[in-house]
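# Residue-level structure breakdown
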Amino acid sequence: MNLVWQDLSAANDVTCSPMHPIAAASPVLDPTIGIVVCIPSYRRAQLLRMTLRSLAGQRTRRRFAVVVVENDAAERTSVAVASDVLRLQDLMGLCVVEPRQGNCHAINAAFEMALAAFPQAAHFLMIDDDEVASPDWLERMLRAAETSGADIVGGPVWAKFDEDEKRGLRDHPAFRPAYDASGPVPMIYGCGNCLIRRHVFTRLGLPAFDLRFNFLGGGDTDFFARCRAAGMRFYWAADAVITESVPRSRTSPAWLALRGLRIGAINYHVQRRLADDVGSQLRLIAKLVALLPFSLFRAMCLALTSRKALIALHPIIVATGSALAAFGFEPQPYKASKIIS
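In this text, all values refer to a predicted model and were calculated from it rather than measured experimentally. (Residues numbered from 1 in each chain as written. Predicted model: local features only at pLDDT ≥ 70, side-chain atom pairs only at ≥ 80, totals over all residues. Heavy atoms only, no water.)

Let's shift gears to the overall build of the protein chain. A count of helical and extended segments in the protein chain gives 11 helices and 12 strands. Relative to a compact globule of 341 residues, whose C-alpha radius of gyration would be 20 Å, the protein chain shows 20 Å and is just as compact. Over its C-alpha atoms, taken along the principal directions, the protein chain stretches across nearly 60 × 50 × 40 Å. When burial is assessed residue by residue, the protein chain has 51% of its 341 residues classed as buried. Taking the intrachain contacts of the protein chain between residues at least 6 apart in sequence as the baseline, contacts between residues at least 24 apart amount to 80%. Accessible surface for the protein chain amounts to roughly 15,400 Å². Of this, 56% is attributable to carbon and sulfur atoms. (Helix = DSSP H or I, 4+ residues; strand = E, 2+ residues; numbered from the N terminus. Rg over C-alpha atoms; globule rule 2.2 N^0.38 Å. Buried < 20%, exposed > 50% of the residue type's maximum accessible area, 1.4 Å probe, protein only. Contact = heavy atoms within 4.5 Å. Areas by Shrake-Rupley, 256 points an atom, 1.4 Å probe, with all protein chains shown as cover.)

Here it is, written out as structure tokens:
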């Protein structure tokens, strides 16, 4: 299948890059759909199947479509899975291939294709290809958007560990959701469980995620920080739950340390981008200088409350990551050669 909906792009209210050819699609594609769920995917075919099944099982009367983006142009295993599910008419939607490897490329392609292929859609949600949506996830996210009037809604992603003895890591900052209760929040930080209204893309422009975060990660944090700076309102839907499969490889001390360094680097780059004058740049430098000793204090507090070394060390590692990033040193976990599923 090599179809391209060039005629739909003219109806869109945002400027899109050229649309990707459709690699797989459901028998029926209705361009009047108002809700689209975006799913970037890379070498997680079996987990993607579970993600799609969880979407097919949503308890809602709302009509929605999915847009899957395959970011492995060589193997294309996600295309095969998406084709199987869409062909059986369990879901309406399509799958495209983004040949440019990287986290931001894949997510940008998902949003751009969704905006162009469904020109009447007002709400765009995202779920990762290693996540499973609870049966009422979609309904609760939409209701939160409608009742709150927020521009962006976020929800919790709870870790599901392969090994029972790793469950204690649920309280680690790398896995714990940003907020506990539903309500307005200053900002959300991740796109693995989010809803974004169409006018957000119209106002901020496309591509949504800055390619400078393509291999580091954090394009979502940067995007939401720019949304906050533009006056967008955020809301947290604590009952719109998604679970994430966490393999053993992502529970090792080495991986958690790398995650902490990455968070620190992302924090630095997001703040550096928003520091657009000399005064704010000097304040950022002062903050970096103060961050390391303050992280020691936070680590001691966490050691007393959690009694887990991996959790207590996290603030120190994050502060170190910010300092290293200021000197040009940072991890790049989203390069294909470094991805561990």
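So that's the structure; there's more coming.
What follows deals with the sheet that holds strand β8 (residues 157-161). In spatial order, the strands read β6-β12-β8; together these three strands make up an open sheet with mixed pairing. In this open sheet, the two edge strands, each paired with only one partner strand, are β6 (131-133) and β8. Geometrically, the sheet is characterised by an average inter-axis angle of 30° between neighbouring strands, direction not taken into account. Two elements, β6 and strand β12 (residues 242-246), share three bridges in a ladder whose sense is antiparallel. Within β12, the position partnered with A133 by the bridge is I242. Relative to the sheet, helix α2 (residues 45-56) contacts β6 and β12, its axis offset from that of β6 by approximately 10°. (Pairing = 2+ DSSP bridges. Axes fitted to C-alpha atoms, helices over the stretch in contact; angles between N-to-C directions.)

What follows covers the confidence of the model for the protein chain. In this model, the protein chain carries an average pLDDT of 87, and 91% of its residues clear a pLDDT of 70 or more. Low pLDDT, under 50, characterises residues 1-17; the stretch is placed with 38 contacts to residues that sit more than four places away or in other chains. (pLDDT = per-residue confidence, 0-100.)

In this section: helix α4 (residues 103-117). Between its terminal C-alpha atoms α4 stretches 21 Å, which fits the 21 Å expected from 15 residues at 1.5 Å a residue. Most of α4 is tucked away, with 14 of its 15 residues classed as buried. (Expected span 1.5 Å × (residues − 1).)

Taken together, V278, L282, I285 and V289 make up a surface patch of nonpolar side chains, about 420 Å² in accessible area. With respect to the helices, strands and loops of the structure, V289 is situated in helix α9 (residues 278-306). (Patch = residues over 30% accessible without salt bridge, like charges linked within 9 Å, V, L, I, M, F, W, Y side chains within 5 Å. Salt bridge = Lys/Arg side-chain N within 4 Å of Asp/Glu carboxyl O.)

What follows concerns the packing of aromatic side chains. Overall, the coordinates contain 10 aromatic pairs when judged by the stated rule. Taking 4.9 Å as the distance between ring centres and 45° as the angle between the ring planes, the aromatic pair formed by F111 and F201 counts as tilted. Remark: F201 occurs in helix α6 (residues 198-204) and F111 occurs in helix α4; sequence separation between them is 90 residues. F111 sits in the buried class, given a relative accessible area of 0%. (Phe/Tyr/Trp six-rings, centres within 6.5 Å; stacked < 30°, edge-to-face > 60°.)

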